[in-house]
Amino acid sequence: MTTQSHLAHRFQTLIVGSGPAGIAAATCAAEAGHRVGIIDDNPNPGGQIWRSLRGQSTPDTSHGDGASEWYRRLTATSATRLQGWSVFDQPEAGIVRAERQGGTVHLHYDNLIIATGARERFLPFPGWTLPNVMGVGAIQAMVKGGLPVAGKRIVLAGSGPLLLAVAATLRAAEAIVVCICEQASLRQLAPFALGLAADPAKIMQGLRYKAATLDVPFHTSAWPVEADGDGILRSVTILHHGEKQQISCDYLACGFHLVPNTELAAMLGCRIEADNVAVDELQRTSISNIFCAGEPTGIGGLELSLIEGQIAGLAGAGQDKEARLLLDKKRRASHFADRLAAAFALRSELKELPQETTLVCRCEDVPYGSLKQHHSWRAAKLHTRCGMGPCQGRICGTATHFLLGWNADSVRPPLLPVRIASLASLEAPLNSATSNTQETP
Amino acid sequence: MSEQMRPEQIQITIDQQSITVAAGSTVAVAIALAGLNCRTSVTGEPRGPLCAMGICFECRATVNGIAHSRTCQLLCEPAMDIRTQ
Amino acid sequence: MTTSYDAVILGAGIVGAACALECARAGMRVAIVERDTIGSGATAAGMGHVVAMDDSPAQLALTGYSRSLWTRLSPELPASVEYHACGTIWVARDEEEMDEVHRKLAYYTAEGIEAEVLDSNALAEAEPNLARPLAGGLLVPHDAVLYPPCAAGYLVEQAQRHGATLLLGHTVISAAHGQVTLKDGTALQAKIIVNATGSLAPALTPGLQVKPRKGHLIITDRYPGYLHHQLVELGYLKSAHSSTGDSVAFNVQPRKTGQLLIGSSRQFDSDSEDTSVDHKIVAAMIERAALYMPGLPSLSALRIWSGFRAATPDKLPLIGPTEDPTVFLATGHEGLGITTSLGTARLLADHLLSRPTTIPLAPYLPSRLPSSYLSDEAIHV
C-alpha cells in the first residue's frame, strides 16, 4: 500500500459507480494519463450486471461479455479504487463527501463522471411486502451473495430483458423457475426480438438465455396481481390473458424494468430531462466538468454503457478526438436502447394493481388509499409521511410517478441516510478507512 | 457445531444465535439462512430484502451495534453480531 | 365558484389554518387561499413545538395562553398529528446556568406555568443519553411536540366542517381594499383579509417589518426510547439566538415515531427562496448538539431541510389591523408559529368580533412598529 497523502484525495477525474460505465470511464481516463479515482457503494466492483460471485472480490466474468477484459485493463492502471463508500454530499463545488461504516472522506475532483447505474422499478400489488417477494435483479444479487436456491420454486415476473438473464442464473443455481411472466405483449416485444436478430452479438446473448430457459414457460401479457402468505410468501396469483392462476412458490422475483439513478446528478444541479440526466454527445452534463455515462442518461443496456463510459473518460481527460471516434458505435447502440424502451413500456392496467389498503411506501407503511387523496407528491409526503423513510422515496416515488404521475421533490443532501457525524465533516483519514482499496485481483 | 472450521466458513451471531455461513456471504443472505426476517415494519409487518442493492432499506438490521445498517451491502465478517430490528 | 366572503385567509400554514377555523366557527363565510398545499411553508419546515417561552413578558403571555389552547384541543387531535406531551427540559451546563434555572422557575411559577428543577442526578436519570455531568435543568412538563403539517390539516378540515372553502394551488397577486386577486384573474371580494403568509407577508402588505430567517433541521431514523423530553440548551434565548448574525443552539425533540428532530439554527439576510443546505451551519448545529448528547453523531440522519421563519424586530408576532381597514395580519411568529397559532387566531377573532380577549392584544398590534425596515440594526434586541 502506498503512503496515503493528501494528494490521494485529489483526482483529475473522479468516477462515481464501478459498474460497466464507471469501469470503462475510469480505465480510459487513467490510460489517458489522468489521476483517477473510482468510488462505489457496493462491497465489490462490477455494479449490478457484473456483480461479483460470493467469495470473489472481482467482477463476475463468467458471461464473456467483456467484464474480464475491462477489469484487467482497469487494474493495470493506477486508478484508486474505493469500494463500499457511499457518496452522499457535495459540500462545495469540486468536492464530494463519502461515507463508509466508521469514516468519511472528502474527494476533490477536476472532472466528475456520474455512472450510478439503474435500479429496478417496483410496483405495488397486494402482498408485495411479504418476505421473499423481491426484485429480479435482487434475487440474482442474493444468489451471488450466497443465497442457496437449489430446489426452490421461483416465479419471475415484471418486465424487461433482466427476466431472461436472471432465469439463466437461477437455473444454473439449480432453482426451479416455475415460469416467467412478462407484462409486455408479444406484439410489443416482436420488434425488439427482430432487432436482436440484426446484431450477431445480441443473437448469441439471446440464444444463450433461451437455451438455459428452454424448459421454462415464458408468458407474455402476464403479470402478478397478488402475493399470498402467512408472514412469508406461499403463492402468487398471475393474470395471464385475462385468466387468474395461483402458483405456489418460495420466491417471487418481480421488477418492472429499470429506472435510472439520477439522484446524485440532480443533487449536483445537472439538468434532468424526461427522467434522465441530460448530456451532450461527449456525455457532458449541463455542468461543464460533470459527465454522466450509462443508465442515468437513459436505460440502454451493457453495450451502450460501456461506450458512454469510454467517451466520458476520454472527453474528461481532454481526448475529445478519440472520444468522437466512438460516436458511430454509440449511435448504433442507442437504437437498441430505443427498441428496449418501446418493447418494455408498461401497460396502463398495471396502474390498477394496488388496492386501497396496499402499502405503497414501505418505509412508513402508507397505503395507496390515503395517497390518492392528495394532488401532488409533496402534499402526500407532508400529510401521509410517504417518502419520509430511509429510502427517501426511491421506491415509492418511482411507483407514484407511474401510478399517479407525480414528480418527487428536488434532491437534497444527504443523498442517503448517513451518520450524523458524517454531516459534520468529522473527516477520517483515507488510509484508516479504506482497507479494501487498491486490492490486487 | 465444529470448533475447527474450514477457512471458507465463518461464524457469526444473529439474534444471539450462533450460525455458520460461507465466507463472502452478505449479511442479508445470512439472515435469510437463519430463517429470520431483517426487520419489522412500522405497522408490524415482517420484511426482508426487496432490491438487494442498497436502495430500498428493507434489509436494515443492527450490525455490530450500528442500527439501520443495510445488510445487503455488507459482507459477513468473523464474530459479526447481527440483530434483526 | 363563490367569490364573496366575510373573510379570506391568505396562507394555509398553521396560523392561517387556525385563523380560518376561528372565523368559520364564529359563523363567517371563509375562504382559505394557499399557493402550494396545506402546511407547506414554515409549518412544514419547523420543529413543531408547543412551548412556554419567556424571551419577553408578552412572549410568555402568548405562548402560555396558546399552549393552554393546545392542551385543551389535544384529546380530539387525530393520531396523524402526533401530539406528544413530552415536556421540555431546559438544560443547564454549569452553576451559572443553574441560577438561570431558578430565575426561570420563579418567573414561570408566577405566570402559572408549572415547572420543576432537576438536579444533576435527576437530569441524568430523566435523559440517560445526555453528557455527564451537567448541572441540572428545568422541566416544563406540559410542553408538547406535534407534527405541524397534519395539525394544520386538521384545523383546515375543521374549518371546512364549519363551511370554509379551501382554494389550493392559487397564488395571490394582490390583497387590499376588500379584494383578493388570484393569479388566474379570479377576484375574491372579502370584508376582511387576513395575511397569514409568514415570511412572504410583505409581498402582499408592503412595509411590514417581517424578514425571512433561515433555519435548518436534521431528522434521524427511528431510535425509540433514546430520548424522552424535548431538550433545549438554557442559552437558547440568551446567547445563541439574540444576535443578528448566524447562530446555532442545541434543541432536540423525541418524535412519536421514535425519530429525533435536531435543531436549531438561525440565519438572517438569507434569500427567502434559497432553501439549499448550508453545510457550515449544519456542522455547527451537530457540534453543538454533540456537546450535550455525545452519542448523537453516531445515529443515522435521514434528511436535512431548511425553511424560513417570519421574523420581526422585537420577536413578537404581528396580529391585528393595518392601515387598510380590510387587511389584518397574522404573521411574524418566527420560531413559535406552531405554539402561538391557536392563541393568535383566538385573539384575532376576538378583535374582529369585538369580544373581550383573554390576554391583552396590544403587545402584538402591528401599529407598535414603524411600517418599514430601517436597517438591519433595527433587529437588535
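Residues numbered from 1 in each chain as written. Chains lettered and ligands numbered in written order. Predicted model: local features only at pLDDT ≥ 70, side-chain atom pairs only at ≥ 80, totals over all residues. Heavy atoms only, no water.

(A) Region of interest: the overall build of chain C. Within chain C one finds 10 helices and 18 strands. Relative to the 2.2 N^0.38 estimate, which gives 21 Å for 381 residues, the radius of gyration of chain C is 20 Å and therefore close to what a compact globule would have. Only carbon and sulfur atoms are counted for the fraction: they give 53% of the accessible area of chain C, which is about 13800 Å². Looking at chain C, you have 28 positive and 39 negative side-chain charges, and the mean spots of the two groups are 5 Å apart. (Helix = DSSP H or I, 4+ residues; strand = E, 2+ residues; numbered from the N terminus. Rg over C-alpha atoms; globule rule 2.2 N^0.38 Å. Areas by Shrake-Rupley, 256 points an atom, 1.4 Å probe, with all protein chains shown as cover. Lys, Arg positive; Asp, Glu negative; His and termini not counted. Charge placed at Lys NZ, Arg CZ, Asp CG, Glu CD.)

(B) Structural detail: the packing of aromatic side chains. Throughout the structure, instances matching the rule amount to two aromatic pairs over all chains. Here the aromatic rings of phenylalanine 250 of chain C and tyrosine 292 of chain C are separated by 4.6 Å at their centres, their planes lie at 5°, and the arrangement is stacked. Separated by 42 residues along the polypeptide, phenylalanine 250 of chain C in strand 14 (residues 247-254) and tyrosine 292 of chain C in helix 9 (residues 279-292) bring together distant segments of the chain. Classification of phenylalanine 250 of chain C by relative accessible area gives buried; the value is 0%. Owing to a relative accessible area of 0%, tyrosine 292 of chain C belongs among the buried residues under this scheme. Geometry around phenylalanine 402 of chain A places lysine 351 of chain A over its ring, the cationic atom sitting 5.3 Å from the centre. Against the face of tryptophan 128 of chain A rests arginine 362 of chain A, its NZ or CZ located 4.6 Å from the ring centre. (Phe/Tyr/Trp six-rings, centres within 6.5 Å; stacked < 30°, edge-to-face > 60°. Buried < 20%, exposed > 50% of the residue type's maximum accessible area, 1.4 Å probe, protein only. Lys NZ or Arg CZ within 6 Å of the ring centre and 35° of its normal.)

(C) Region of the structure containing the pattern of salt bridges. All chains considered together, the criterion is met by 36 salt bridges over all chains. Here glutamate 364 of chain A makes a salt bridge to arginine 222 of chain C, at a shortest N to O gap of 2.4 Å. Taken together, the positions of glutamate 364 of chain A in the loop between strand 20 (359-361) and strand 21 (366-367) and arginine 222 of chain C in strand 12 (residues 211-222) put the pair across two chains. Between arginine 103 of chain C and glutamate 100 of chain C there is a salt bridge; the shortest N-O distance is 2.8 Å. Of the two residues, arginine 103 of chain C and glutamate 100 of chain C both sit in helix 4 (residues 95-110), three residues apart, roughly one turn of that helix. (Salt bridge = Lys/Arg side-chain N within 4 Å of Asp/Glu carboxyl O.)

(D) The nonpolar core, seen in detail. In terms of nonpolar packing, the biggest core is built from 109 residues, with Leu252 of chain A together with Met293 of chain C touching the most fellow members. No other element matches helix 9 of chain C, which puts seven residues into this core. Setting aside residues no more than four positions away along its own chain, leucine 252 of chain A makes contact with Phe125, Asn132, Val133, Met134, Val155, Ala157, Pro224, Ala227, Leu233 and Val236 of chain A. Grouped together as the second largest cluster of nonpolar side chains are 56 residues, Ala12, Trp70, Ala144 and Ala152 of chain C included. (Core = buried A, V, L, I, M, F, W, Y, C linked by side-chain atoms within 4.5 Å. Contact = heavy atoms within 4.5 Å.)

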